[in-house]
Amino acid sequence: MAKATKKTEKKEHPKAGKSSKTMPGVLLRPRITEKASGMAMDKNIYAFEVALRATKREIKKAVADFYKVTAVKIAIVAIPSKDVTVRGKKGHTSKGKKAYVYLKKGDTIEFV
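Note that the coordinates shown come from a computational prediction; the quantities given were computed from them, not determined experimentally. (Residues numbered from 1 in each chain as written. Predicted model: local features only at pLDDT ≥ 70, side-chain atom pairs only at ≥ 80, totals over all residues. Heavy atoms only, no water.)

Caption draft 1: Structural detail: the sheet that holds strand 1 (residues 27-30). Strand order in this open sheet of four strands is 1-2-6-3, and the pairing throughout is antiparallel. Looking at which strands have only one partner, the edges of the open sheet turn out to be strand 1 and strand 3 (71-79). Direction aside, neighbouring strands of the sheet carry axes that sit 30° apart on average. Relative to strand 2 (residues 45-50), strand 1 is paired through three bridges, and the arrangement is antiparallel. Across the sheet, Leu27 pairs through a bridge with Val50, a residue of strand 2. Helix 1 (residues 34-43) contacts strand 2 and strand 6 (96-103) of the sheet and is inclined by roughly 140° relative to strand 2. Packed onto the sheet, helix 2 (residues 56-67) meets strand 1, strand 2, strand 3 and strand 6 and runs at close to 120° relative to strand 3. (Pairing = 2+ DSSP bridges. Helix = DSSP H or I, 4+ residues; strand = E, 2+ residues; numbered from the N terminus. Axes fitted to C-alpha atoms, helices over the stretch in contact; angles between N-to-C directions. Contact = heavy atoms within 4.5 Å.)

Structure, rendered in C-alpha cells:
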C-alpha cells in the first residue's frame, strides 16, 4: 500500500501583506453635533467617529485620501460605554472612539 502524503499549504492571514494604513473603515462617520459644528466654523476643527483600533497616522491618511485636505493635528478621545435603562430593561451603550482633526488654514470639509 502506498502511503498518502499530505500537501501542507501555508495559508496566509487575510491581512498579511496589506498595510493597516489602507484599511477601509478607519473613518466611520462624521460627528455632526452642535459642538462639532461650532468648532468647524470657528476653529477649522472637524470631529469624526473612528474605528477602535485606528491610530493617528491612519486617521490622518484616511482624511487626506477621502476629503483631499491636509490635517495638521489629530486628537483622539475614547468614548466610554454607559449603562442605560430603556422601557424598564437594563443594557449598555457600546464604547467608541472619536477624533478631532485640525485642518490646515484655508482647507474645509463639506458634509452633504
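Picking up where we left off.
Caption draft 2: Examining the pattern of salt bridges more closely. Tallied over the entire structure, the rule returns three salt bridges. As a salt-bridge pair, Arg29 and Glu49 come within 2.5 Å of each other at their nearest N and O atoms. Linking Arg29 in strand 1 with Glu49 in strand 2, this pair joins segments that are 20 residues apart in sequence. With relative accessibility at 44%, the residue Arg29 sits in the partly exposed group. The exposure class of Glu49 is partly exposed, given its relative accessible area of 22%. (Salt bridge = Lys/Arg side-chain N within 4 Å of Asp/Glu carboxyl O. Buried < 20%, exposed > 50% of the residue type's maximum accessible area, 1.4 Å probe, protein only.)

Caption draft 3: The arrangement of the packing of aromatic side chains in detail. Under the counting rule described, the total for this entry stands at five aromatic pairs. Summarising the aromatic geometry, the rings of Phe48 and Phe111 are spaced 6.0 Å apart at their centres and angled 75° between planes, so their arrangement reads as edge-to-face. With Phe48 in strand 2 and Phe111 in the segment after strand 6, this residue pair connects regions lying 63 residues apart in the sequence. You can call Phe48 buried: its relative accessible area is 1%. With 6.1 Å between their ring centres and 90° between their planes, Tyr67 and Phe111 make a pair best called edge-to-face. In this pair, Tyr67 sits in helix 2 while Phe111 sits in the segment after strand 6, placing the two residues 44 residues apart along the sequence. These aromatic residues form a ring-pair network of at least three members: Tyr46, Phe48, Phe66, Tyr67 and Phe111. The ring of Tyr102 is capped by Lys73, whose NZ or CZ atom sits 4.7 Å from the centre of that ring. (Phe/Tyr/Trp six-rings, centres within 6.5 Å; stacked < 30°, edge-to-face > 60°. Lys NZ or Arg CZ within 6 Å of the ring centre and 35° of its normal.)

Caption draft 4: The arrangement of the side chain of Glu58 in detail. Relative to the helices and strands, Glu58 is located in helix 2. For the buried Glu58, which has no salt bridge, the nearest side chain bearing the opposite charge is Lys97, at an N-O separation of 7.6 Å. (Lys, Arg positive; Asp, Glu negative; His and termini not counted.)

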